[in-house]
Amino acid sequence: MNRRDVFGTVREKGAQDEVEFLEKGHRIDVAGDEEVPKGGDGPLSTRDQRAIALLVVLYLLQGIPVGLAFGSIPFLLRAKLSYSQIGIFTLCTYPYSLKLLWSPIVDSIFSPTVGRRKSWIVPIQTIVALMLWWLAGNITALMEAAEPDVNKLTCLFFVLVFFAATQDIAVDGWALTLLSKENLSYASTAQTIGLNTGYFLSFTVFLAFNSLEFSNAYFRSVPLDYPLVTLSGYLRVSSIGYLVDPVAADEPDMDLKSVYSIMWEICQLKHVQTFILVHLVTKLGTATNDAATSLKLLEKGLKKEDLSLAVLIDFPFQILFGYLAAKWSKGDSPLRPWLLSMWSRLGWAIVSMLLIHNFPQGQISSSYFFLVVFCTVGSSFSSTVQFVGISAFHTQIADPLIGGTYMTLLNTVSNLGGTWPRFFVLKGVDAFSVATCRIKEEGLDLTIAARECVSDHGKAACAELGGHCETLRDGYYWTSSLCIVAGALCLLFFVQPAAKRLQSLPLSAWRVKQRA
């Protein structure tokens with residue numbers, strides 16, 4: 001569909017304006033039917049190499065609070081809170097799904113002296129550094145309370161994730177102008193490597209070195225009563241890392257009203273509306289697997305350090321898969337790897353249920369641990385291909401002139417598709433579960449309904465009464481099965497046909513012309 005059919009009031013820019021924008025390195029769609037190359041395998045210049053390195057560092061820094069909020073903190077809280085309470089904490093991740101609301105501000109308001117993107121990146125990194133330093137001095141008291149104040153923790157990490165999400169807007173837009181046109185697909189590769197590295201440092205690596213058993217078993221000849229890395233120590237070191245100052249050329253500005261106006265016009269495009277709906281329902285099938293499987297493995301008895309080791313083994317594969325996925329996502333069918341990986345993720349969600357259902361009693365064998373590693377690598381392979389594939393497609397269709405806002409619009413709905421079900425999934429696991437605390441004493445056999453028996457805190461409370469927890473129905477299997485069936489139906493009858501139509505559209509269909 002030609003954009004003139006959508007917007008009757010669109011006016012052409014003058015030739016002089018086009019020349020000025022082209023001289024500044026921007027891509028201008030002049031006639032509506034003129035195509036910009038989708039990107040190829042152009043050689044990496046020294047400028048592109050430096051740009052990729054800078055993007056990796058900036059995305060790595062974003063991955064640090066993301067890894068804490070999405071990974072480590074829920075794992076550490078699991079011992080004292082129920083799934084429903086952890087579900088409340090997951091609300092702190094919502095800024096990544098709401099950042100579209102303030103992305104035009106990031107795209108248009110800045111200091112000309114500092115630069116369009118650095119005006120946001122530098123102060124945000126300073127604020128996050130100060131927050132991490134403050135948390136380092138207070139997190140121990142918050143986390144080690146008999147029952148942690150989940151509302152206070154949620155508010156604190158909501159603010160932290162808010163600033164990380166705001167930096168993400170600036171970095172996403174910067175990536176479109178830092179890299180040359182023929183190498184834009186490497187922006188998603190830099191994002192994958194950087195975010196995954198930061199995420200795994202804050203999640204997998206931290207949990208491993210935060211484990212007393214792991215620290216004593218692999219790094220000490222004489223056991224001690226504290227881990228190699230504490231949460232407060234990690235937060236303090238991370239705060240220092242946020243003092244990195246990005247140095248690179250910045251791009252020209254647009255006024256706030258224009259950015260909001262263009263974003264509104266983009267959202268009015270019928271195929272953009274379809275794409276948004278695709279993003280919102282695509283990850284429904286794997287919502288339970290993403291939110292609860294790792295927690296369920298720990299509940300069943302898998303040690304925290306063993307799970308960390310499994311994900312640590314997976315890390316180099318993620319880097320390799322991210323590079324390959326960027327290659328696969330080029331050409332005439334850039335969404336094909338994304339679609340195939342989604343079907344693969346549904347398969348791994350089923351495998352995860354079987355893995356948990358057959359969790360061994362007593363000591364975990366090497367063969368079962370190998371299955372955990374195999375499942376982790378396979379599932380993350382599919383997730384990485386999907387993430388890089390869709391990010392590469394976003395980079396291809398986004399207009400660099402409003403890069404931060406356009407990329408944020410696309411990435412926000414993509415993030416929202418994985419975030420919005422998480423709270424309801426964890427609530428559903430508790431709601432569908434039936435657990436009892438059985439107290440057996442001489443002449444007494446008492447059974448008390450107790451859904452709290454799913455957490456270590458609830459099990460300890462039951463044990464204090466002289467009983468033990470028995471799960472009569474595990475809501476994990478019910479919730480995961482419902483999600484998989486719903487996700488498969490959405491993929492088959494809506495997402496797959498829509499994606500094939502969307503990837504066949506010319507790049508001009510994703511652009512809106514600038515008003516004079």
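Because the structure is predicted, anything quoted here is derived from the model rather than measured.

(A) View of the overall build of the protein. Scanning the protein from terminus to terminus reveals 20 helices and three strands. Taken across its 516 residues, the protein has 55% of its residues classed as buried. Total accessible area on the protein is roughly 21700 Å²; 64% of this is exposed by carbon and sulfur atoms.

(B) Geometry of the confidence of the model for the protein. Residues of the protein with pLDDT of at least 70 account for 79%, and the chain-wide mean is 78. At the low end of the mean pLDDT range in the protein sits helix α2 (residues 15-23), at 35; at the high end sits helix α20 (residues 475-503), at 93. Across residues 1-40 the pLDDT falls below 50, and counting only partners more than four positions away or on other chains, this stretch makes 73 contacts in the model.

(C) Structural context of helix α3 (residues 46-77). Taking 1.5 Å of rise per residue, 32 residues should cover 46 Å, and α3 covers 45 Å from first to last C-alpha, within 8% of that figure. The largest bend in α3 comes to about 45°, at Leu 68.

(D) Representation of the environment of Tyr 406 within the structure. Turning to its location among the elements, Tyr 406 is positioned in helix α18 (residues 403-432). On the basis of relative accessibility, which here comes to 1%, the residue Tyr 406 falls in the buried class. Distance from Tyr 406 to Asp 172, taken between C-alpha atoms, is 9.1 Å for residues 234 residues apart in sequence. Leaving out residues up to four positions away in the same chain, Tyr 406 has contacts with Ile 266, Ile 397, Ala 398, Asp 399 and Trp 510.

(E) Structural view of helix α14 (residues 287-300). For α14, with 14 residues, the first-to-last C-alpha span of 20 Å sits near the 20 Å given by 1.5 Å per residue. Its axis deflected by about 40° at Thr 293, α14 carries its strongest bend there. The buried fraction of α14 is high, at eleven of 14 residues. Gly 301 lies just past α14 and shows a positive phi near 130°.

(F) Seen up close, the side chain of Ser 84. The topology assignment puts Ser 84 in helix α4 (residues 83-89). Residue Ser 84 is classed as buried on the basis of its relative accessible area of 15%. A polar side-chain atom of Ser 84 sits 2.7 Å from a polar atom in the side chain of Asp 430.

About the cut-offs
Residues numbered from 1 in each chain as written. Predicted model: local features only at pLDDT ≥ 70, side-chain atom pairs only at ≥ 80, totals over all residues. Heavy atoms only, no water. Helix = DSSP H or I, 4+ residues; strand = E, 2+ residues; numbered from the N terminus. Buried < 20%, exposed > 50% of the residue type's maximum accessible area, 1.4 Å probe, protein only. Areas by Shrake-Rupley, 256 points an atom, 1.4 Å probe, with all protein chains shown as cover. pLDDT = per-residue confidence, 0-100. Contact = heavy atoms within 4.5 Å. Expected span 1.5 Å × (residues − 1). Bend = angle between axes of the 7 residues up to and from the residue. Polar contact = N/O pair within 3.5 Å; in protein donor to acceptor, adjacent residues only side chain to side chain.

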